[in-house]
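The residues making up each chain are set out below.
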Amino acid sequence: MNSVKEELAPHVQDINRALGNKVSEQEIERELSSYLNVYRVSLDTAKRSIVKKHGGNPATLAMGVSKTLRELMPGEQSVNLLARIVSVNEKDVTVEGGSKRILYGILGDPTTTIPFTAWEPLSVPLAKGDVVRVQNAYTKEYRGQVQVNFGSRTAVAKEAPTALPEYKPGVGQPYVGKPTPVRVVDLREGGSNVAVTARILSVERREVEVDGAPKAVFSGVLADETGKTQFSAWKDFTLEADEVLRIEGAYVKSWRGIPQISFDERATITRLKPDLLPSSERLNVSPRMWIEDLADRGGAADVTVRGILIDLREGSGLVYRCPECRRVLRKGACQLHGEVKGEPDLRVKAVLDDGSGALTAVFDRELTEALLDKTLDICIASAKEAMSTEIVRDELADLLVAQPIEARGNVTSDDYGLMMIVETAKLLKVDVQAEAREMLEGLEGSA
Ligand SMILES: [Zn+2]
């Protein structure tokens with residue numbers, strides 16, 4: 001395995017540099033190998049995750065790794081690609097008063113196709129069928145789809161047409177080698193050719209549009225003893241709720257930070273004995289998780305967190321929403337629709353800390369009314385009487401700040417950190433600080 005170690009050495013040093021040498025090379029090497037071999041994520045994803053986990057900025061990584069188009073996520077600042085120009089067109093757009101010619105079209109590689117836009121003149125002309133190596137491109141999301149952008153820092157160079165196999169719609173690149181067994185709790189964004197043994201908890205057929213044509217997708221929730229996850233099957237495997245399957249040759253994508261498993265015609269499905277895993281009822285629970293682990297995973301569906309509410313964020317309490325887009329108004333105005341007559345609502349955005357980390361917990365009107373034991377109408381009346389909406393927020397702060405709580409819901413992540421959309425919550429009497437101490441002691445003991 002020494003040669004693998006040597007291959008990884010420059011990347012270990014790259015991570016080390018990005019973290020200002022504050023983490024030992026041995027630890028980085030151990031983590032990198034675990035991300036690559038246990039979680040089966042790409043080298044690029046692994047490097048970024050490790051840097052993020054230790055509080056560094058992934059953009060400071062110097063050694064870029066080429067990604068497949070399927071691995072791209074919205075909001076990436078610097079990506080390197082090897083792709084084919086599937087189509088390319090010119091158009092004039094108005095930018096800051098002036099007119100400017102840009103290129104737009106479709107990029108393809110063996111994993112998928114994706115739209116691109118070149119905002120600056122390129123050093124090489126692009127034509128359909130060209131294979132290009134792209135460095136320092138960035139990605140955005142437009143109407144739910146990832147788009148690649150070439151900006152002023154982006155370098156585009158042509159490669160031999162044989163450098164890349166052609167993309168065939170609906171057929172992914174066949175996997176090389178044996179699939180790696182992964183537990184649901186260990187699924188990580190970017191993982192590919194993984195094998196999961198799980199029970200289908202629910203499944204439904206949906207129609208979606210792929211490249212302008214309708215396509216059936218079978219999605220739902222599956223689980224093993226370690227957790228639950230959403231899945232999408234891009235082929236009709238005649239999946240049914242309750243059955244226990246071995247799925248080999250699946251891949252992992254994230255939606256708002258929550259890892260989900262997908263599989264298509266490359267996957268092999270084996271039906272197993274139903275008693276191999278606990279019943280649907282026993283699997284369909286919300287596992288208790290530490291926020292540190294949620295941050296490490298990048299989010300999770302339907303989990304339970306216990307911690308202390310340490311602060312209420314701005315926009316908690318009695319708020320007014322835009323009747324058109326539901327955004328919370330600031331000084332009577334919607335960011336998008338200007339001055340509108342706002343509709344009253346109640347919500348709490350609180351910082352929940354469990355000793356391992358913190359997230360923003362969002363409680364909707366129903367939960368907030370239950371916490372306050374007051375209806376929205378009563379809150380409006382007391383705000384009118386006090387001539388300030390602050391009174392509701394103050395009351396919530398008195399009630400919630402420093403309060404131990406157990407909250408259940410989906411945890412998503414973005415640039416602002418982790419956010420839980422709380423489904424159910426209960427105020428606790430337990431000593432969560434003692435629990436957090438125990439966890440830290442446990443960690444130190446195992447190190
Ligand atoms: Zn609005």
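This text follows the structure it describes.
Please read these numbers as outputs of a predicted model, since none were measured by experiment.

Definitions and limits used
- Residues numbered from 1 in each chain as written.
- Predicted model: local features only at pLDDT ≥ 70, side-chain atom pairs only at ≥ 80, totals over all residues.
- Helix = DSSP H or I, 4+ residues; strand = E, 2+ residues; numbered from the N terminus.
- Buried ≥ 20, exposed ≤ 12 C-beta atoms within 10 Å, placed from the backbone.
- Contact = placed C-beta atoms within 7 Å.
- Pairing = 2+ DSSP bridges.
- Core = buried A, V, L, I, M, F, W, Y, C linked by C-beta atoms within 7 Å.

J.: Is there a simple way to explain the overall build of the protein in this structure?
T.: When helices and strands are counted, the protein shows nine helices and 22 strands. Among the 447 residues that make up the protein, the fraction classed as buried is 29%. Restricting to contacts in the protein with at least 6 residues of sequence separation, those with at least 24 account for 61%.

J.: So what exactly am I meant to see when it comes to the pairing of strand β15 (residues 300-312) here?
T.: With eight bridges joining them, β15 and strand β21 (residues 403-414) adopt antiparallel strand pairing. Paired with Val303 across the two strands is Gly409, which belongs to β21. Of the strand pairs in this sheet, β15 and strand β19 (residues 343-353) are connected by four bridges, and their pairing is antiparallel. Bridged to Asp311 within β19 is Val351.

J.: I tried to follow the pairing of β21 on my own but got confused; where do I start?
T.: Sheet faces and side chains relate simply in a regular strand, where the side chains alternate between the two faces. Bridge count between β21 and strand β22 (residues 417-427): ten bridges; the pairing is antiparallel. Pairing of Asp414 across the sheet is with Gly417, part of β22.

J.: Hey, could you run me through the nonpolar core in this one?
T.: Here is a general trend for soluble globular proteins: nonpolar side chains tend to be buried in one another's company. Ranked by internal contacts, the top residues of the largest apolar core, which has 32 residues, are Leu352, Leu359, Ala361, Ala407, Val411 and Met420. Counting residues per element, the ones that place at least two in this core are α5 (291-297), β15, β16 (317-321), β19, β20 (358-363), α8 (390-400), β21 and β22. Setting aside its immediate chain neighbours within four residues, Ala361 contacts Ala350, Leu352, Ala407, Met420 and Val422. By size, the runner-up hydrophobic cluster in this structure holds 23 residues, among which are Val194, Val221, Leu245 and Ile247.

J.: Looking at this structure, how should I read the environment of Asp242?
T.: Relative to the helices and strands, Asp242 is located in the loop between β11 (227-233) and β12 (244-255). With 12 C-beta atoms counted inside 10 Å, the residue Asp242 sits in the exposed group. With 38 residues separating them in the primary sequence, Asp242 and Ser280 have C-alpha atoms 6.3 Å apart. Aside from chain neighbours lying at most four places away, what touches Asp242 is Arg199, Ile200 and Ser280.

J.: How do you make sense of the environment of Leu8 when you look at a structure like this?
T.: Along the chain, Leu8 falls in helix α1 (residues 2-18). Taking the C-beta count within 10 Å as the criterion, Leu8 has 18 such neighbours and is therefore assigned partly exposed. In the structure, Leu8 is positioned 24 residues away from Leu32 in sequence and 8.5 Å away in space, judged by C-alpha atoms. Apart from residues lying up to four places away in sequence, Leu8 is in contact with Glu29 and Leu32.

J.: How should I be thinking about unusual backbone geometry in this particular structure?
T.: Glycine aside, negative phi is the norm for most residues, and most peptide bonds take the trans geometry. Phi at Thr238 is positive, roughly 50°, even though this residue is not glycine. Here Thr238 is to be found in the loop between β11 and β12. A positive phi angle, near 55°, is found at Met387, a position not held by glycine. Within the secondary structure, Met387 sits in the loop between α7 (376-386) and α8. Classification of Met387 by C-beta neighbours within 10 Å gives exposed; the count is 8.

J.: Just checking my understanding: could you explain the environment of Leu318 for this structure?
T.: Residue position: Leu318 is located in strand β16. Leu318 sits 62 residues away from Ile380 along the chain, and the two C-alpha atoms are 7.5 Å apart. Beyond its immediate sequence surroundings of up to four residues, Leu318 is in contact with Pro344, Leu346, Cys379, Ile380, Ala383, Thr389 and Val392.

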